[in-house]
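One letter stands for each residue in the lines below.
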Amino acid sequence: MGDVTTIRVDQFLAHPPAKVWRVLTDSDLIARWLMPNDFMPVVGHRFTFRTEPRPGQGFDGIVHCEVLDVDPPRRLRWAWRGGRLDTVVAWTLVAEGRGTRLFLEHAGFDPDDPVQQRTAALLDGGWRSRVWPRLAEALDTAGT
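These remarks concern the structure in this document.

Description of the sheet that holds strand β1 (residues 6–13)
Ordered in space as β1-β6-β5-β4-β3-β2, the 6 strands form an open sheet in which the pairing is antiparallel. Across the chains shown, the open sheet's two edge strands, defined by having one partner strand only, are β1 and β2 (46–50). Shown here is a sheet whose adjacent strand axes are inclined to one another by a mean of 25°, direction ignored. With 5 bridges joining them, β2 and strand β3 (residues 62–71) adopt antiparallel strand pairing. Paired with threonine 48 across the two strands is histidine 64, which belongs to β3. In the packing of helix α1 (residues 17–25) onto the sheet, the strands contacted are β1, β3, β4 (75–82), β5 (85–96) and β6 (99–107), and the crossing angle to β5 comes to about 160°. Lying on the sheet, helix α3 (residues 114–141) is in contact with β1, β4, β5 and β6; it crosses β1 at an angle near 15°.

Focus: the packing of α1 against α3
For any two helices packed against each other, the geometry is given by the interaxial angle and the distance between the axes. Running from N to C, α1 and α3 cross one another at 115°; their axes reach a closest spacing of 10 Å. The chirality of how α1 crosses α3 is right-handed. Of the residues in α3, those in contact with Lys19, Val20, Val23 and Leu24 of α1 are Leu135, Ala138 and Leu139.

So, how was this worked out
Residues numbered from 1 in each chain as written. Predicted model: local features only at pLDDT ≥ 70, side-chain atom pairs only at ≥ 80, totals over all residues. Heavy atoms only, no water. Pairing = 2+ DSSP bridges. Helix = DSSP H or I, 4+ residues; strand = E, 2+ residues; numbered from the N terminus. Axes fitted to C-alpha atoms, helices over the stretch in contact; angles between N-to-C directions. Contact = heavy atoms within 4.5 Å. Left-handed = near helix turned anticlockwise from the far one by under 90°.

Take a look at the structure:
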C-alpha cells in the first residue's frame, strides 16, 4: 500500500460490464461476495453492511453507508462509515475485450491515526484475498 490514505485494486473479470454491474448493485448478490446488506442503487439511499464486531477497535460490526453516485454501468460510489472510519468506496467498470476491468478505490483513511492505518492494511488484504475471489465466484454463478 503506497498511498496510506487509499486502497486501490485493479482486476480483470471475464464477464461483460452489465453482468459485473448487476453483481455490484443487487443486494442479494452483494451479500454473496461482501456482507449482508440493504443496498439499493439509488443516490442518497442509506444502507448498512453487517459483520463481526471488533470491540477492541471500537467497531460494532455495522458499516453505515450512503450511495453517493450511480452511473450504470460505469461507476458506483458509496460512503463507508464504521468505528473510526469515514471513507468512500468507488467502483469503476471499463469494458475490456469480452470482459471488464474493475477498479476499486477505498479512500479517506487518516494517515495519522494508527487504528485507521491498521484497519486500512486489514481491508487492503481483505479486498484482495477474500472479496475479489468471492466476487468472481458470484459472477460465475449469477447467471446472465
